[in-house]
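An overview of the molecular structure
One letter stands for each residue in the lines below.
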Amino acid sequence: MWTWLVRDVIGWDLLGRLGGGVHFFLYDTVKIFLLLTGLMFLIGLLRASLDLDRARDFLQGRGLFAGLVLAVFLGVVTPFCSCSSIPLFIGFVAGGIPLSITLTFLVASPLVSEIAAIMIGDQFGWNVAAAYVIAGSFIALVIGWVFSRFHLERWVEEMVFATRIGRLRAGGHQPSWRERVDAAVAEARDIFTTVWKWVLAGVAMGAVIHGWLPEDFFATYAGPDNPFAVLVATLAGVPLYVNGAGVVPIAEALWAKGMSLGTVMALTMSAIALSIPQAIMLRRVLKPPLLALFFGSVIVGIVVIGYLFNAIFP
Amino acid sequence: MIIKILGPGCANCHNLEKNTRAALADSGIEATLEQVTDYGEIAGYGVMKTPGLVVDEEVVVSGRVPKPAEIAELLAARA
């Protein structure tokens, strides 16, 4: 349909820069919007069914490994924001869940973003999206295990331990399917209203890169031959404060121009997972040494994933 | 009746506040509305998923935004 609109109605040559760019823009945004809305509805349904109190009860007294796995899963399906991550962190730690398990959640949550996974699946293929989720989960698991070897409690703000948590008295309420569907619809709508402008901006940037940068532009500097490319890309992503939905289309365009996949992934992940506002938010519950340790481990994790991807998808 | 909206100020907390105000206006129940934005205090209520709705120190809703009609019912049951 877009081919027809751009080529036949407006009369642009699809191979020309402007025609190709506009075609790419229209086709991409519509596809992304449909995918995001549909899949965010399903994830919203899963989230509405998740009972955090029960998850906490389950975690109490389980072994370290089961705890780490569940923490990673929780982190993957939960968006990373001050409204969900910080109360959950306090609720878990004050509720007696080992700090390393709670930190694993805190690492997995920004490292594997569900919106980014959907966008990567659309733009890079679903095998790459699966590799992204698995690699991110694995890194979070390893970081959590390493953290469990040390006593990090002294670097958590006293406020967290001083909090006396009440049992949730509304906890007996089992959400009905109706309520879950309502919540999921609300979630998909929320995501859409916050994310659409990022998608438009990202795809537009991607279209510009697709249309104007010469073929193999990045192959020389950021191709598979440069061993430092992943490291530089990861650090370059930190000051970028962009939404996952905005950065993936740009990443795809960089990839099409010869940047190797691992380097592109490292840039994407660090742009999403690491940002200054996020550090300020975490500072409320973590003291500076642990905050630095947290950021450092996520950076190391992303660099490892970058090299791994370069090795797997040359 | 004292109603507290628990939430650090995200979109859902504002939606819950809006729906609660609508419920109060529709049902004619008199209540004072307070915002609780402090993380420690929120966790103190046992709420791990914001937003939360607290009526006279009892958590009645957490982790979702109920419609005004449902809030009105919850409030009427405690009036």
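None of these values were measured; they are calculated from a predicted model.

**What about the layout of surface pockets?**
All names here are of chain A. As a volume, the second largest pocket reaches approximately 240 Å³. Val-76, Val-77, Val-112, Glu-114 and Val-133 are, among the 14 residues lining the second largest pocket, the residues nearest its centre. Those elements that provide at least two residues to the lining of the second largest pocket are α4 (64-77), α7 (114-124) and α8 (126-148). Taken together, the residues that form the lining of the second largest pocket break down as eleven nonpolar, two polar and one charged.

**Topic: the pattern of salt bridges**
Should the charged atoms of two oppositely charged side chains come close, the side chains can pair. All told, the structure shown has six salt bridges over all chains when counted by the stated rule. Taking the shortest distance from any N to any O, the salt bridge between Glu-157 of chain A and Arg-283 of chain A comes out at 2.8 Å. One end of the pair, Glu-157 of chain A, is in the loop between α8 and α9 (158-162); the other, Arg-283 of chain A, is in the loop between α15 (276-282) and α16 (288-312), with 126 residues separating them in the sequence. For Glu-157 of chain A, a relative accessible area of 18% puts it in the buried group. Given the relative accessible area of 34%, Arg-283 of chain A is considered partly exposed. Where Lys-4 of chain B meets Glu-57 of chain B, a salt bridge forms, and the shortest distance between an N and an O atom there is 2.9 Å. With Lys-4 of chain B in strand β1 (residues 2-6) and Glu-57 of chain B in the loop between β3 (52-55) and β4 (58-62), the pair connects residues that are 53 residues apart, well separated along the chain. Classification of Lys-4 of chain B as buried rests on a relative accessible area of 11%. Relative accessible area serves as the criterion here: at 43%, Glu-57 of chain B is assigned to the partly exposed category.

**Considering the packing of aromatic side chains**
Residue and element names in this part refer to chain A. As enumerated under the stated definition, the model contains two aromatic pairs over all chains in all. Ring geometry for Phe-124 and Trp-255: centres 4.9 Å apart, planes at 40 degrees, overall tilted. With Phe-124 in helix α7 and Trp-255 in helix α13 (residues 244-256), this residue pair connects regions lying 131 residues apart in the sequence. Residue class for Trp-255 comes out partly exposed when judged on its relative accessible area of 32%.

**Digging into unusual backbone geometry**
Residues and elements named next belong to chain B. Residues Thr-50 and Pro-51 are joined by a peptide bond in cis, for which omega reads 0 degrees. You can see Pro-51 is positioned in the loop between α2 (39-44) and β3. Positive phi outside glycine occurs at Asp-56, with the angle close to 45 degrees. Mapped onto the elements, Asp-56 comes out in the loop between β3 and β4. Relative accessible area serves as the criterion here: at 42%, Asp-56 is assigned to the partly exposed category. The backbone of Glu-57 sits at a positive phi, close to 65 degrees, despite the residue not being glycine.

**Focus: the UniProt feature "transmembrane region" (unreviewed entry) in chain A**
All names here are of chain A. As annotated in UniProt, the feature "transmembrane region" (unreviewed entry) corresponds to residues 32-50, 62-80, 86-112, 124-147, 195-213, 225-242, 254-276 and 288-309 in the numbering used here. Across residues 124-147, the secondary structure splits into 96% helix and 0% strand, with the terminal C-alpha atoms separated by 33 Å. With 74% helix and 0% strand, the stretch residues 254-276 has end C-alpha atoms that lie 24 Å from each other.

**Some words on the environment of Lys-4 of chain B**
All names here are of chain B. Remark: the alpha-carbon pair of Lys-4 and Thr-20, spanning 16 residues in sequence, is separated by 10.0 Å. When sequence neighbours within four positions are dropped, the list of residues in contact with Lys-4 reads Glu-34, Val-36, Tyr-45, Gly-52, Leu-53, Val-54 and Glu-57. A polar contact is formed between the side chain of Lys-4 and the side chain of Tyr-45, at a distance of 3.1 Å. One polar contact links Lys-4 to Glu-57, side chain to side chain, over a distance of 2.9 Å.

**With respect to helix α1 (residues 11-27) of chain B**
Residue and element names in this part refer to chain B. Between its terminal C-alpha atoms α1 stretches 24 Å, which fits the 24 Å expected from 17 residues at 1.5 Å a residue. Those residues of α1 lying buried are Cys-13, Leu-16, Glu-17, Asn-19, Thr-20, Ala-23 and Leu-24. Down the axis of α1, the buried side of the element spans an arc of 165 degrees, and every buried residue falls inside it. Along α1, exposed side chains directed more than 90 degrees from the buried face belong to Lys-18, Ala-25 and Asp-26. Positive backbone phi, approximately 70 degrees, marks Gly-28, located one or two places after α1.

The rules behind each value
The residue numbers shown here count from 1 along each chain, following its written sequence. Written order determines the labels here, with chains lettered from A and ligands numbered from 1. With the structure being a predicted model, the display of local features is reserved for residues of pLDDT at least 70 and the display and counting of side-chain atom pairs for 80 or more, all residues being used for whole-chain, interface and lining totals. For side-chain calculations, the full set of non-hydrogen atoms in the structure is used, while hydrogens and water are omitted. Every definition here rests on a 1 Å grid over the protein atoms only: cavities are sets of points where a 1.4 Å probe fits but cannot get out, pockets are open sets enclosed by protein on both sides within 12 Å along at least five of seven lines, and lining residues have some atom within 4 Å of a point. Grid points are joined across faces, edges and corners, and a volume is the space filled by probe spheres set on the points. Only DSSP runs of H or I with at least four residues qualify as helices, and only runs of E with at least two residues qualify as strands; both kinds are numbered from the N terminus onward. Polarity classes work like this: nonpolar for Ala, Val, Leu, Ile, Met, Phe, Trp, Tyr, Cys and Pro, charged for Asp, Glu, Lys and Arg, and polar for all others, with Gly in that last group. The salt bridge criterion pairs a side-chain nitrogen of Lys or Arg with a carboxyl oxygen of Asp or Glu, the two atoms within 4 Å. Note on classification: 1.4 Å probe, protein chains only; a residue is buried when its accessible area is under 20% of the maximum for its type, exposed when over 50%, partly exposed between these limits. Classification of ring pairs uses Phe, Tyr and Trp, with its six-membered ring standing for Trp, and accepts pairs whose centres are within 6.5 Å; under 30 degrees between planes counts as stacked, over 60 as edge-to-face, and the remaining range as tilted. UniProt positions are given in the numbering used here, feature names are shortened, and annotations may be inferred rather than shown by experiment. In what follows, a contact means two residues having at least one pair of non-hydrogen atoms within 4.5 Å. Polar contact criterion, stated in full: a pair of N or O atoms within 3.5 Å, where within protein one must be able to donate a hydrogen and the other to accept it, and residues adjacent in sequence count only if both atoms are side-chain atoms. What a helix should span is 1.5 Å times the count of its residues minus one. Taking the helix axis as origin, the arc is that swept by the directions to the C-beta atoms.

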